[in-house]
Amino acid sequence: MLKYLATIFGSVLLLSSCLQTDVFEKNVSLPSHTWDYANKPTLSFLVTDTTSSYNIFLVVRHTDAYHFNNLWVKMKSSAPGDSTTLTQQFDLPLASQTQWTGSGMDDIYEHRILLYRRPVKFRIQGNYTITLEHVMRENPLEEILNVGIRLEKVRQQ
């Protein structure tokens, strides 16, 4: 009986360690649920593992009253010790023709949108900085609650 319990405990422990993901996520709440052009949330994260690859997601939370089915975002990123900034624009789909595509509860929807098709490798250890700004025609952009970044370490198989 003891041998049987030890085997089950070991299997559960092994499975839980295989399912563990290394994740960094930081979100910024937007005041009064509006995103103004002047509000450019800046997020920093520390990279210590330069041998792994990461999936990078943009996280957006909005209400059901959001007026558009997409969100244009400009992302500026800088590496540690580098004075140059990489600027990219993304058109992020938030809805199909009939419904929101993110996960929802009541009238709040959250989207985790993969920004790059291939995982990213960070070449240098240190603090990376990302600044987000919306580039939609409407200003301020209403019914956006939070924006942020999520990094997930890709597990080698």
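Note that the coordinates shown come from a computational prediction; the quantities given were computed from them, not determined experimentally. (Residues numbered from 1 in each chain as written. Predicted model: local features only at pLDDT ≥ 70, side-chain atom pairs only at ≥ 80, totals over all residues. Heavy atoms only, no water.)

### Topic: the sheet that holds strand β6 (residues 86-93)
Working step 1: Pairing is antiparallel across the open sheet formed by four strands, whose spatial order is β3-β10-β5-β6. The outermost strands of the open sheet, each flanked by one partner alone, are β3 (42-47) and β6. Ignoring which end each strand starts from, the neighbouring axes of this sheet average 25° apart. (Pairing = 2+ DSSP bridges. Helix = DSSP H or I, 4+ residues; strand = E, 2+ residues; numbered from the N terminus. Axes fitted to C-alpha atoms, helices over the stretch in contact; angles between N-to-C directions.)

### A closer look at unusual backbone geometry
Working step 1: Residue Asn139 is joined to Pro140 through a cis peptide bond whose omega torsion reads 0°.
Working step 2: Topologically, Pro140 is positioned in the loop between β10 (126-134) and β11 (141-142).
Working step 3: Phi at Asp106 takes a positive value of approximately 55°, unusual for a residue other than glycine.
Working step 4: Here Asp106 shows up in the loop between β7 (103-105) and β8 (108-114).

### A word on the pairing of strand β4 (residues 53-63)
Working step 1: The buried fraction of β4 amounts to ten of the eleven residues, a majority that puts the element mostly inside the structure.
Working step 2: Note: β4 against β8, seven bridges, orientation antiparallel. The residue of β8 that forms the bridge with Arg61 is Glu110. (Buried < 20%, exposed > 50% of the residue type's maximum accessible area, 1.4 Å probe, protein only.)

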